[in-house]
Amino acid sequence: MLSMASSMEDRLPPETCFRLPKTVIPHLYHLRMKVDLENFTFHGQEIVEIDVKQETKEIILNAVELKIISAKFKCIDGKARHQFVDANKIHLCEKSEVAIIQFSSTLNLGTGQLKLEFNGTLNNKVKGFYRSNYINAEGEERFVASTLFQPTNARRAFPCWDEPEFKAKFHITLIVPADKVALSNTNVISQQPFRENKDFKVVEYSITPLMSTYLLAFVVGDYDYVQDKTNNGVAVRVYTPVGKKKEGAFSLSVAMKALKFFEEYFKISYPLPKLDLISLPAFSVGAMENWGLITFLESYLHIIHRVTSTRGRQETALVVAHEISHQWFGNLVTMKWWTYLWLNEGFAMFMQFFCINELFANWNVWLKMITDIINPTLDFDALSNSHPLEVPVCHPSEIDEIFDPISYNKGASLLRMIHNYIGNEHFKEGLQLYLKKYSYSNTVSKDLWKAFEEVSQQPIENIMTKWTKQKGFPLITVSSRQEGSNRIVILSQKKFTANGKLDEEDKKAFWLIPVTIRIQIPSGNDDKRILLSDETTEVILTDVSINQLVIVNPERFGFYRVNYECRLLNQLKIAIREKSLKPSDRLCIQNDVFALVKAGKVSTVKLLEMLEAFVDEENFSVWNSISVCANELYYLLSSTDCVELFLAYARNLFSRIHSKLGWDHRANESNILTLTLVIESLILLRDPLVLEEALTRYEALSNRVTMISDEITALIYDAAISNGYVNLFRTLFNDEIPIQDSYNIISRLVLNPIAHEPLWHFFQDNFHQFKNRFENLPLMSRVVRIVCYYFASEQKANEVEAFFSNNPIVGVELGLKQAIEGIRLKGDWLKRDLAAIKSFLLNRSTSR
Ligand SMILES: [Zn+2]
């Protein structure tokens, strides 16, 4: 029965990539899973209603790390009564992650049933069907069994056609310990004691709509919940560990509002009877949009009154909106294959900001999107080791690796560009058309462009294909001349690269670019929209004087950078100082200059001079952008002899805003954010007075004398670790700390350059432990980046390269190349500009 047929191994492709044939198609899975939380195992029984499309003697589906005990087939043709026939061979190919089930005779065409029985282990690898532990309020260890199937891990829980295009319905039954909460995608339709063992119960769920396997979910554990109900009767619940249900209240209110918002925006009712949001003790991603049962890492779902920071509440609201938007975009309409992952993720990323901007207008989250999402992605996508948005992938490790800033953030940025280009009404109508047309099926990028094209009558497919199939983005160079009362603006495009160089391929790159030109007029702004479809074009702005400000790509509507000629830039610099530009423009002009500096197109001294125009700045996001820039300069200079001069210069930038805001909270939320950021920056820049105050407050906190909010606590923590708490590295391997949290501690720690060398050594010395702890997790790619990202020399790049060529890690190849490219770029930058930076800083220090 379970014999291994070696001949079969030869028939599979030698590489580990394998796509399922479409000879047999599943329609409905009846899946019954018994979960044992004491021995960490599960036992499954499955009857799949299938359609045999072509004559075959075998059924091929995905399965990995499962033991298939039996497999039978029964033909159902409506006439005769057929019996189940046993398979005569079941071959599991671990490399291709498939099971080949062979029968002695050809299967009848048409409908049939495949019956399988299998065993599996609740692993501790945070994928497939896995276990995680936590300590409850009584100090006892508890376990949760939960799933993370995206992208290719449903096959670790049950044999299935585990590709997004094989949509089917699921009829789930879970047999679980009687005292546990057991959830799946749909609502419970029956619950009764398990006949064979009264300590267990049998929970049956209603049949799901047609859906992809990666969106299925189960959670078994001890939970409380808070709930509400929408006007359409959908029950919305937030599940939290027992005793913590108050912490779910904020997320519940956001979920209710977001659900209503999307139902109205998409004009399609939420298709399931219930929506649960639940927190998990261990999770390798922030959250997962399983249809009707969204799973979260606890810190992304729980809001603790008076403790969680404003930034924390914003993050939670954004993540909740992100996952809820997926219920339509991704779940109802799904990408055909992982090549189009960006369709799902880029969309949800754009929609999270769109929705939260509507729900919490005073947060101004578009600015947050610019600083946290768009600007860093422009840096990333300028690397020669970036990749196009649509990327051919096949093997699971390749698929894992494209859950990266390109798929999420570039995707979102492009959708924002299109939204601005065709306007909200057309964008909304296009989405409604697309979602209606492709409900319960699968799509490729073109299908979305066609929908936008149909409603807007604009050549969206032509425009967007250039952006999705090419990696990188353009740099628009802007110059102008005055002709009487008209201003002539000359725009030209070239590819922007991180090192400033263009190879033959780069020189050929060309985009159709939606460009907005904003002219400042006495009553506000006048926006002109054009499509830049040539290499160079002249735009005539009638009745615009030489003194009027002209901004290209205001509010970063388009995904590209702008290089202004000197005269225009000087004009803008004055406007920055006077704050007559919008915050988004103040920060984007600065960010573009910074990128041009790194690419060697503008000298670092010009940037340092420009930063001084911001001393009276008050906006949080602008400060955020400046602090990112200051940090990078600090890391760059940290191993040079002018680091102290730089620190003094940078502290000076922040000094005026710090004396204005001080240490204590005002009622205004944006004040709190800025205050926190400024203190954070000054701690990092080792300002002696701020460090001293922070440590005093830290001691007060340790003695619990004063109540200090979470925001300040985190900062004080930073001050403490920068004084030598390097053994925090060890938390990476502490099994009792959720993997995501221990990663977060390290990512905070490395903000301080003191930690860079020790962390790199610690990583090399403990390489195998790192590999074990983060094996196969998307986190591994981030760990690799974080241990070497900050270096800035050719010698370090070679050292990192040599280490990883002797110690390769499967699945992080691209991430590693990007990191090494980054180290080399910084090395070149330092070589190019160090002398000039030093003389500038010396000059400033004597004039201060
Ligand atoms: Zn997502």
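Residues numbered from 1 in each chain as written. Predicted model: local features only at pLDDT ≥ 70, side-chain atom pairs only at ≥ 80, totals over all residues. Heavy atoms only, no water.

Trainee: So what's going on with the environment of aspartate 381? Which residues, and what values?
Mentor: Looking at the element boundaries, aspartate 381 is found in helix 6 (residues 365-381). Separated by 117 residues in the primary sequence, aspartate 381 and alanine 498 place their C-alpha atoms 8.5 Å from one another. When residues no more than four places from it in sequence are discounted, the contact partners of aspartate 381 are Ser386, His387, Ile406, Lys410, Lys471, Gly472, Phe473 and Phe559. (Helix = DSSP H or I, 4+ residues; strand = E, 2+ residues; numbered from the N terminus. Contact = heavy atoms within 4.5 Å.)

Trainee: Which residues make up unusual backbone geometry, and what values do they have?
Mentor: Where the residue is not glycine, phi is negative for most of them; where a peptide bond is considered, it is trans in most cases. A cis amide bond, omega -5°, links glutamine 150 with the succeeding residue proline 151. Along the chain, proline 151 falls in the loop between strand 10 (141-148) and strand 11 (169-177). Located in the positive-phi region is tyrosine 440, a residue other than glycine, with phi close to 60°. One can find tyrosine 440 in the loop between helix 9 (424-437) and strand 22 (441-443).

Trainee: Describe the coordination of the zinc ion, and please don't skip the residues or the numbers.
Mentor: Within the protein, His322 (NE2), His326 (NE2) and Glu345 (OE) serve as the donor atoms for the zinc ion, at 2.0 to 2.1 Å. In the primary sequence, the donor residues of the zinc ion line up as H-x3-H-x18-E. On the criterion of helical spacing, the pair formed by histidine 322 and histidine 326 is a turn pair, its members being four residues apart in helix 4 (residues 310-326). Accessibility classification places histidine 322 together with histidine 326 in one group, the buried group. (Donors = N, O, S within 2.8 Å, 3.2 Å for Na, K, Ca; no water. Buried < 20%, exposed > 50% of the residue type's maximum accessible area, 1.4 Å probe, protein only.)

Trainee: Can you tell me about the sheet that holds strand 29 (residues 561-564), naming the residues and giving the values?
Mentor: Read across the open sheet, the four strands follow the order 27-24-23-29; overall the sheet is mixed. The strands lining the two open edges of the sheet, one partner per strand, are strand 27 (536-541) and strand 29. Strand-to-strand, the axes of this sheet are offset by a mean angle of 25°, without reference to chain direction. In the sheet, strand 24 (residues 486-495) pairs with strand 27 via six bridges, with the strands oriented antiparallel. Bridging across to strand 27, valine 489 finds its partner in valine 539. (Pairing = 2+ DSSP bridges. Axes fitted to C-alpha atoms, helices over the stretch in contact; angles between N-to-C directions.)

Trainee: Could you give an account of empty space enclosed by the protein, naming the residues involved and the relevant values?
Mentor: Here the structure, examined in full by the defined rule, presents five cavities of 30 Å³ or more. Put simply, the second largest cavity is a space of about 70 Å³. Around the second largest cavity, the lining residues are Ile551, Val552, Asn553, Arg556, Val562, Tyr564, Asp585, Cys588, Ile589 and Asp592. Elements that contribute at least two residues to the lining of the second largest cavity include exactly strand 28 (550-552), strand 29 and helix 14 (583-598). In terms of residues, the lining of the second largest cavity owes the most to one element, helix 14, which gives four residues. A breakdown of the residues in the lining of the second largest cavity according to their chemical character gives six nonpolar, one polar and three charged. (1 Å grid on protein atoms, 1.4 Å probe; cavity = no way out; pocket = protein on both sides within 12 Å on 5 of 7 lines; lining within 4 Å. Points joined across faces, edges and corners; volume = space filled by probe spheres on them. Nonpolar A, V, L, I, M, F, W, Y, C, P; charged D, E, K, R; others polar.)

Trainee: Just give me the short version of the UniProt feature "binding site: Zn(2+)" (unreviewed entry) in the protein chain, but keep the residues and values in it.
Mentor: The feature "binding site: Zn(2+)" (unreviewed entry), as annotated in UniProt, sits at His322, His326 and Glu345 in this numbering. On the basis of their most widely separated C-alpha atoms, the annotated residues across 24 residues gather in one place, lying no more than 8.8 Å apart. Residue classification places histidine 322 among the buried positions, given a relative accessible area of 6%. Among all residues touching histidine 322, those that are not within four sequence positions of it are Glu345, Ala348, Met349, Gln352 and Tyr408. In contact with histidine 326, other than residues within four places in its own chain, are Glu289, Asn331, Asn344, Glu345 and Ala348. At a separation of 3.1 Å, a polar atom in the side chain of histidine 326 contacts the side chain of histidine 322. (UniProt positions renumbered as here; feature names shortened; annotations may be inferred. Polar contact = N/O pair within 3.5 Å; in protein donor to acceptor, adjacent residues only side chain to side chain.)

Trainee: Could you give me a rundown of the environment of serine 212, with the residues and numbers involved?
Mentor: Residue placement: serine 212 occurs in the loop between strand 14 (200-205) and strand 15 (218-221). By relative accessible area, serine 212 is classed as buried at 0%. When the C-alpha positions of serine 212 and leucine 332 are compared, they lie 9.4 Å apart, and in sequence the two are 120 residues distant. What serine 212 contacts, discounting residues up to four positions off in sequence, is Pro164, Lys167 and Thr334. A distance of 2.8 Å separates a polar atom in the side chain of serine 212 from the backbone oxygen of proline 164.

Trainee: Give me the pairing of strand 4 (residues 66-75): which residues, what numbers.
Mentor: Direction of pairing for strand 4 relative to strand 8 (residues 110-121): antiparallel, over a ladder of nine bridges. Paired with lysine 72 across the strands is lysine 115, a residue of strand 8. Bridge count for strand 4 against strand 5 (residues 85-86) is two bridges, and the pairing is antiparallel. Counterpart to phenylalanine 73 in the pairing with strand 5 is valine 85.

Trainee: Explain the packing of helix 14 against helix 15 (residues 604-611) to me, and be specific about the residues and the numbers.
Mentor: Packed helices, taken two at a time, are described by the angle their axes make and the gap between the axes. Across the interface, helix 14 lies against helix 15 with an axial gap of 9 Å and an inter-helix angle of 160°. Accordingly, the angle class assigned to the pair helix 14 and helix 15 is roughly antiparallel. Relative to helix 15, the crossing made by helix 14 is left-handed. Across from Ile589, Gln590, Val593, Phe594 and Val597 in helix 14, the residues of helix 15 making contact are Thr604, Leu607, Met610 and Leu611. Taken together, the residues that form the contact of helix 14 with helix 15 break down as seven nonpolar, two polar and no charged. (Parallel < 35°, antiparallel > 145°, perpendicular 65-115°, else oblique. Left-handed = near helix turned anticlockwise from the far one by under 90°.)

Trainee: I'd love a proper account of the pattern of salt bridges, names of residues and values included.
Mentor: Going through the model one piece at a time under the given rule, you end up with 45 salt bridges. Its salt-bridge partner being arginine 19, residue glutamate 163 comes within 3.2 Å of it at the nearest N-O pair. Of this pair, glutamate 163 sits in the loop between strand 10 and strand 11 while arginine 19 sits in the loop between helix 1 (6-11) and strand 1 (24-36), placing them 144 residues apart in sequence. When its relative accessible area of 37% is taken as the criterion, arginine 19 is described as partly exposed. The partner of glutamate 315 in a salt bridge is lysine 368, with the nearest N and O atoms 2.8 Å apart. Residue glutamate 315 is located in helix 4, and its partner lysine 368 is located in helix 6; the two are separated by 53 residues in the primary sequence. (Salt bridge = Lys/Arg side-chain N within 4 Å of Asp/Glu carboxyl O.)

Trainee: Break down the pairing of strand 2 (residues 41-52) for me, with residues and values.
Mentor: The two faces of a sheet get side chains in turn, since along a regular strand they alternate between them. Note: strand 1 against strand 2, twelve bridges, orientation antiparallel. Paired with isoleucine 25 across the strands is aspartate 51, a residue of strand 2. Joining the antiparallel neighbours strand 1 and strand 2 is a turn of four residues, in which phenylalanine 40 adopts a positive phi near 55°. Where strand 2 and strand 8 come together, twelve bridges link them in antiparallel fashion. Across the sheet, residue glycine 44 finds its bridge partner in strand 8, namely phenylalanine 118.

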